[in-house]
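Descriptive analysis of the structure
The primary structure of each chain is shown beneath.
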Amino acid sequence: MLTLEDTSREELREVMDLAAACQSGGLDQLLGGKTVCLAFFESSTRTSASFELAARRAGADVVSLGEKDSSISKGESLVDTIVTLDSLGADAIVLRHPAAGAARLAARHTSAAVINAGDGCGQHPTQALLDLYALGGALGGFEELAGRRVAVVGDVLHSRVARSVIPAFRTAGMEVALVAPATLLPLECGAWRVPVLASVDEALDWGAEVLYALRLQKERMAGGSPRIPSVAEYAAYCGVSRRHLDSGALLMHPGPVNRGVEVSGDVVLDGRSLIPAQVAAGIAVRTAVLALATGAVHEVAA
Ligand code: ASP
């Protein structure tokens, strides 16, 4: 599970269906006998906690490594770390790493299933899957996503979430537009063939039913260069506020939120915000991903 760029609609539906089965509690011990290694070499709250809960509740043995408490801090390479986890019998390695391409590199050095839990500005496939699941839950199911309009708003340039969620939304049949200043758009976005709009207001005029806000990723802005004239000006065009939700749009955000920047603080937990539902969806969806990636789902079926 390295990227969602080539994933089919049927594959997305398979994950959604299995996640629903996991959530309804019919698949206890789905990961019994499996060893899941969580290797998080960059900060995480939601992703690491929900992968750990997903693996433990489904009966897996779980090993957690961080950068500071592993031999990475002694200079061991990523490849040697992956080979070590492989030798210890890992069935799945869930990897978060600051370098784009790290998960693909890791997958070349292990027979364990490698699940990309975020690689630099690369991909974050399980985030996009849980977003589809949460949005489907709000709209009446996965099939209900087709034909809906979603605006992905903010720091697309530095966002691995954008690079996963845009293909995922499109494969689910949604129409996608971007809202961002030109300085926060990647060069490759021309090839995505999506409208680029200047403000959240324009996105609503375009017909957006869902506003998917991205975090302004200051830690990825090289040399501390902000790429925007000021946070206040950025928020005026790309910030989601109450008046936008009053139009009926739903709010999504992968977290963590810069309150008052990409989303005004008073709407983070509004009734039209799916942010808590996105987090909650992470456990069922990540259980499903672990079961599919390790083959556990087929072993249970047999
Ligand atoms: N939590 C997400 C990620 O790890 C989004 C973010 O950090 O802004 O990519």
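Here's a quick rundown of the structure.

Cut-offs and rules
- Residues numbered from 1 in each chain as written.
- Predicted model: local features only at pLDDT ≥ 70, side-chain atom pairs only at ≥ 80, totals over all residues.
- Heavy atoms only, no water.
- Pairing = 2+ DSSP bridges.
- Helix = DSSP H or I, 4+ residues; strand = E, 2+ residues; numbered from the N terminus.
- Axes fitted to C-alpha atoms, helices over the stretch in contact; angles between N-to-C directions.
- Contact = heavy atoms within 4.5 Å.
- Core = buried A, V, L, I, M, F, W, Y, C linked by side-chain atoms within 4.5 Å.
- Buried < 20%, exposed > 50% of the residue type's maximum accessible area, 1.4 Å probe, protein only.
- Near = heavy atom within 4 Å.
- Polar contact = N/O pair within 3.5 Å; in protein donor to acceptor, adjacent residues only side chain to side chain.
- Areas by Shrake-Rupley, 256 points an atom, 1.4 Å probe, with all protein chains shown as cover.
- Nonpolar A, V, L, I, M, F, W, Y, C, P; charged D, E, K, R; others polar.
- Patch = residues over 30% accessible without salt bridge, like charges linked within 9 Å, V, L, I, M, F, W, Y side chains within 5 Å.
- Salt bridge = Lys/Arg side-chain N within 4 Å of Asp/Glu carboxyl O.
- Lys, Arg positive; Asp, Glu negative; His and termini not counted.
- Charge placed at Lys NZ, Arg CZ, Asp CG, Glu CD.
- Phe/Tyr/Trp six-rings, centres within 6.5 Å; stacked < 30°, edge-to-face > 60°.
- Parallel < 35°, antiparallel > 145°, perpendicular 65-115°, else oblique.
- Left-handed = near helix turned anticlockwise from the far one by under 90°.

Quick look at the sheet that holds strand S1 (residues 35–40)
- With parallel pairing, the 4 strands of this open sheet are ordered in space as S2-S1-S3-S4. The sheet is open, and its two edges are formed by strand S2 (61–66) and strand S4 (113–119), each paired on a single side. The mean inter-strand angle of the sheet, taken between neighbouring strand axes irrespective of direction, is 15°.
- One ladder, built from 5 bridges, connects S1 with strand S3 (residues 92–97); its direction is parallel. Counterpart to Val36 in the pairing with S3 is Ala92.
- Each of S1, S2 and S3 touches helix H3 (residues 78–87); the most contacted strand, S3, lies at about 160° to it.

Let's talk about the nonpolar core
- Grouped together as the largest cluster of nonpolar side chains are 63 residues, with contacts concentrated most on Val94, Leu132, Leu135, Phe169, Leu178, Tyr212 and Leu290.
- If sequence neighbours within four positions are ignored, Phe169 has contacts with Leu132, Leu135, Val150, Met174, Val176 and Tyr212.
- Core analysis: the next-biggest nonpolar cluster, separate from the first, contains 26 residues, Ala151, Ala249, Leu251 and Val268 among them.

Here we look at the site of the ligand
- As a matter of local geometry, the ligand sits amid Arg96, His124, Arg160, Val161, Arg215, Gln217, Pro254, Gly255 and Pro256.
- Contacts to the ligand include Arg96, whose side-chain N or O atom sits 3.2 Å from an oxygen atom.
- Take Gly255: an N or O atom from its main chain is 2.8 Å from a nitrogen atom of the ligand.
- Against a free-state accessible area of 260 Å², the protein chains account for coverage of 92% of the ligand.
- Along the lines of polarity and charge, the residues of the shell around the ligand split into 3 nonpolar, 3 polar and 3 charged.

Digging into a negative patch on the surface
- Together, Glu10, Glu11, Glu14 and Asp17 line one region of the surface with negative charge.
- Its place among the elements puts Asp17 in helix H1 (residues 9–23).
- Assessed through its relative accessible area of 48%, Asp17 is described here as partly exposed.

Let's talk about the packing of aromatic side chains
- Applying the stated criterion across every chain, the model contains 1 aromatic pair.
- Relative to Tyr212, the ring of Phe169 lies with its centre 5.9 Å away and its plane at 75°, an arrangement referred to as edge-to-face. Of the two residues, Phe169 sits in helix H6 (residues 160–171) while Tyr212 sits in strand S8 (residues 210–213), which places them 43 residues apart along the sequence. The same class applies to Phe169 and to Tyr212, which are both buried.

Description of the packing of helix H5 (residues 125–139) against H6
- It is the contact of H5 with H6, at a shortest axis distance of 8 Å, that shows an interaxial angle of 45°. Here H5 is positioned oblique relative to H6, judged by the angle of their axes. Crossing angle aside, the handedness with which H5 passes H6 is right-handed. Listed contacts from H6 to Pro125, Gln127, Ala128, Asp131, Leu132 and Leu135 of H5 are Val161, Ser164, Val165, Ala168 and Phe169.
- For the contact of H5 with H6, a count of residues per class yields 8 nonpolar, 2 polar and 1 charged.

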